[in-house]
Amino acid sequence: MARLTRAQQQERTRAAVLVAARQEFAECGYAEAKIDRIAERAELTRGAVYSNFTGKRALYLAVLVDAAERARDAAEPPAESPDSVGQALGSFARVWLERLPFLGDTPGSGHLQLRSLSGVLGTGPARAALAELVRFEALLLALALEPRSAVRRAGTVRPAGLALTLLHGAAGLAENAPGVGDPFDLARAAEHLAGIALGDDPEPPHLPYVAPARSTEVPWVPPGGLRDEITGRPAGLGDDGVVVVLGVGRLSAAEDALRSAQPDDEVTIVVVTSDPAETGRLARLRIVDLVGCLRRVFTADRLPRARVVFDDTGAVPAALGHPPADDLDLTEIAVRVRDGLITAHATGRGAGYAAARHHSPDPGRSGAV
């Protein structure tokens, strides 16, 4: 039998640790789980576990990401997309609510099924990142609810956010009282959120003060090996359009970039972080989990047109002339690409908005959401 390469052995060890960790977390819950018992279950040393994962939090997040990726990849697309925003919200809610635990589930297994983060995110930066991620999830859901080919308006993000708030609230209750709340009632409530008159969101007050993007004519050689998490296909960043690099702590800025882009722009959101093991996995968990639900509700042509790319190594900002900083989580860098050249470059707060608007024939705000 041929000997395994070092990479193959590492992958086998990592897979064994994930299986053992999933069993430990399901039986004991996150708080009571022990790394020593996980190592024993996997028939490995404690050091072997730590050589693949930085700690229990990172390992728990890796277990949740693995489950979310499996669910996303197994998602069967529907024969057709819902006809209306209300129907789409109801369908999305029904798919999402399938994760609610039953009365017979152990607390640990119920938390895993819910992708629960209760008691896991103990730091201020982690909670701040989660707040940004929730807003980004609402944006992606809104992009599916109202495709860019439709009449563009700013008001779809708020009903999407309300639907997610409803669903996460139901999940929080189900953690402590499984069986409380009728999923069918919740799905109907989500459907009716489309009819609530919320009005358009006001333009963020800082946008009028965002500096215009700098005009350039620099050749663009993007790094390879990146993947669009929405479609699962390779993401070539050389296409004409706008590339926006956002730290996990600034993901809400994607909304202004997308609204300001032209209808035919290819918009790519590149997600970066200084902490791939934990903050990066948190971002991947939330976005992959949402995409898995979207794939079961919408046909491929109705999925969000914006591309979402995870860049755990900081290769994209480095290629743009911004070497990794101490705190990538607050990064905002954006460029407009045309014919293999970077024609506009912006950094700092509002960078995506500035690059998207560069040389726009319409000085007013055009919207993709």
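K.L.:
It is not clear to me how helix α6 (residues 107–114) should be interpreted in this structure. Could you clarify?
P.N.:
One turn of the α-helix equals 3.6 residues, which is why residues spaced by three or four share an orientation. Within α6, burial applies to G108, G110, L112 and L114. Buried residues along α6 sit against α1 (6–32), α4 (56–74) and α8 (157–176). Following α6 by one or two positions, R115 has its phi on the positive side, about 60 degrees.

K.L.:
Please explain the sheet that holds strand β1 (residues 214–219) as it appears in this structure.
P.N.:
Each strand in a sheet pairs with its neighbour through backbone hydrogen bonds, running either in the same direction (parallel) or in the opposite one (antiparallel). An order of β1-β6-β5-β2-β3-β4 is seen for the six strands of this open sheet, with the pairing classed as mixed. Each end of this open sheet is capped by a strand with a single partner; those strands are β1 and β4 (307–310). Neighbouring strand axes in the sheet, compared pairwise and without regard to direction, differ in orientation by 25 degrees on average. Here β1 runs beside strand β6 (residues 341–347); their pairing, made up of four bridges, is antiparallel. Across the sheet, the residue bridging to R214 is H345, located in β6.

K.L.:
Would you explain the pattern of salt bridges in this entry?
P.N.:
One side chain can pair with another of opposite charge once the charged atoms of both are near each other. Counted by the stated rule, this structure contains 22 salt bridges. Salt-bridge contacts for D185 lead to R188; the nearest nitrogen and oxygen are separated by 2.4 Å. You can see D185 and its partner R188 sitting in helix α9 (residues 183–192), three residues apart, about one turn around the helix. For D185, a relative accessible area of 41% corresponds to the partly exposed category. Within this structure, R72, D73, R227, E229, R284 and D312 form a network of salt bridges that share partners.

K.L.:
Explain the packing of aromatic side chains here, please?
P.N.:
Any pair of aromatic rings gets described here by the distance separating the centres and the angle formed by the planes. A complete count under the given rule lists three aromatic pairs for this structure. Their ring planes at 85 degrees and their centres at 5.0 Å tell us that F25 and Y60 sit as a pair that is edge-to-face. Here F25, found in helix α1, pairs with Y60, found in helix α4; they are 35 residues apart in sequence, far enough to count as distant. Feature note: the residues F25, Y30 and Y60 constitute an aromatic cluster, connected by ring pairs. Between the NZ or CZ atom of K56 and the centre of the ring of Y30, over which it lies, the distance is 4.8 Å. The lysine or arginine in question, R99, covers the ring of W96, its NZ or CZ lying 4.3 Å from the ring centre.

The rules we used
Residues numbered from 1 in each chain as written. Predicted model: local features only at pLDDT ≥ 70, side-chain atom pairs only at ≥ 80, totals over all residues. Heavy atoms only, no water. Buried < 20%, exposed > 50% of the residue type's maximum accessible area, 1.4 Å probe, protein only. Helix = DSSP H or I, 4+ residues; strand = E, 2+ residues; numbered from the N terminus. Contact = heavy atoms within 4.5 Å. Pairing = 2+ DSSP bridges. Axes fitted to C-alpha atoms, helices over the stretch in contact; angles between N-to-C directions. Salt bridge = Lys/Arg side-chain N within 4 Å of Asp/Glu carboxyl O. Phe/Tyr/Trp six-rings, centres within 6.5 Å; stacked < 30°, edge-to-face > 60°. Lys NZ or Arg CZ within 6 Å of the ring centre and 35° of its normal.

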